Amino acid sequence: MRKLISLVLIMILATALGCITTNIKGYTDRDYNGYKIRKAVIRAPNAGFAFGELLENSMIKELKNKGVHAESFLRRFPPTRDWTNEEVAKELIKDGYDTIIYVNLIGSDTTAKTIGYINTGTASVYGSTGSYSGSSIAMSAISRYTSTQVRVYNIATGKIIWVGDSSTKSGGLLFIGDEMQTDSIATETIVALNESGHI
């Protein structure tokens, strides 16, 4: 019984401290049923350099875990110049790439809400007089919401193979950082692509 109570308390504490979930829904173009991604470039074009690099790296890691070769668009085509679609496609096809995966950041929002206080204090008594001092610290629950859209293109034709929308929600007493967000988005995106038969 004590083990069960301890397990329940651990689960409650873990949930209170922080949890993260990503839901994604996607669709395959009917001309690309059964299309397999063999070699892909990942691009997060509107996520900013820092978040975009994390997102690309998380996707690359998940794809490599599935045996798919993947590379970062930012590293291959640094944003020091304007690259045309034709230039990008020509170079990627030359090196054997068949797929480019765009992960577009639609929106992100973070809110904090006070859920209680931790009160501490000390008291001292001397003879018939006493004194008390105390402090109160607010406990804040932090919530974060991120939405993305994923588009998978065949490089040779320029056509969309698969498109999916995702929503990532996280919250708790601990702040959920960018890396945990991008890992969750990448994991569920690759799961959805795998279930659609593209990996």
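Residues numbered from 1 in each chain as written. Predicted model: local features only at pLDDT ≥ 70, side-chain atom pairs only at ≥ 80, totals over all residues. Heavy atoms only, no water.

S.K.: Quick question: what am I supposed to make of the nonpolar core here?
M.R.: Most often, soluble globular proteins have nonpolar side chains that are buried together. Ile 37, Ile 42, Leu 63, Ile 101 and Val 152 are the most contacted members of the largest nonpolar core, which totals 27 residues. Of all elements in the fold, only β2 (39–43), α2 (49–65), β4 (99–126), β5 (129–154), β6 (160–172) and α5 (178–195) reach the threshold of two or more residues within this core. Setting aside anything within four residues of it in sequence, one finds Ile 42 in contact with Glu 56, Met 59, Ile 60, Leu 63, Ala 70, Glu 71, Ser 72, Phe 73, Ile 101 and Val 103. In this structure, Phe 73, Ala 89, Leu 92 and Ile 155 belong to the second largest nonpolar core, which totals ten residues. (Core = buried A, V, L, I, M, F, W, Y, C linked by side-chain atoms within 4.5 Å. Buried < 20%, exposed > 50% of the residue type's maximum accessible area, 1.4 Å probe, protein only. Helix = DSSP H or I, 4+ residues; strand = E, 2+ residues; numbered from the N terminus. Contact = heavy atoms within 4.5 Å.)

S.K.: How should the packing of α2 against α5 be read in this particular structure?
M.R.: Two quantities define a packed helix pair, namely the angle between the axes and the distance from one axis to the other. Running from N to C, α2 and α5 point in directions that differ by 40 degrees, and their axes come no closer than 8 Å. With respect to α5, the element α2 is oriented oblique. Here α2 and α5 pass one another in a crossing that is right-handed. Here Phe 51, Leu 54, Leu 55, Ser 58, Met 59, Lys 61, Glu 62 and Leu 63 of α2 come into contact with α5, specifically with Asp 178, Glu 179, Thr 182, Asp 183, Ile 185, Ala 186, Thr 187, Thr 189 and Ile 190. Of the residues belonging to the contact of α2 with α5, the class tally is eight nonpolar, four polar and five charged. (Axes fitted to C-alpha atoms, helices over the stretch in contact; angles between N-to-C directions. Parallel < 35°, antiparallel > 145°, perpendicular 65-115°, else oblique. Left-handed = near helix turned anticlockwise from the far one by under 90°. Nonpolar A, V, L, I, M, F, W, Y, C, P; charged D, E, K, R; others polar.)

S.K.: Looking at this structure, I do not really get α5. What am I missing?
M.R.: One turn of an α-helix holds 3.6 residues; hence residues three or four places apart share an orientation. Its 18 residues give α5 an end-to-end C-alpha distance of 26 Å, which sits within 8% of 26 Å, the value for a rise of 1.5 Å per residue. Inspection of α5 places Gln 181, Thr 182, Ser 184, Ile 185, Ala 186, Thr 189, Ile 190, Ala 192 and Leu 193 among the buried residues, and these make up the whole buried set. Phi turns positive one or two residues past the end of α5, at Gly 197, with a value near 85 degrees. (Expected span 1.5 Å × (residues − 1).)

S.K.: Would you take a moment to explain helix α4 (residues 85–94) for this structure?
M.R.: Every buried residue of α4 is listed here: Val 88, Ala 89 and Leu 92. Seen end-on, α4 carries its buried residues on one side only, within an arc spanning 95 degrees. In α4, the exposed positions angled more than 90 degrees off the buried face are occupied by Glu 86, Lys 90 and Lys 94. Those residues of α4 hidden inside the fold are in contact with β2 and α3 (73–76). Where α4 ends, the next residue or the one after it, Gly 96, has phi of about 85 degrees, a positive value. (Arc of directions from axis to C-beta.)

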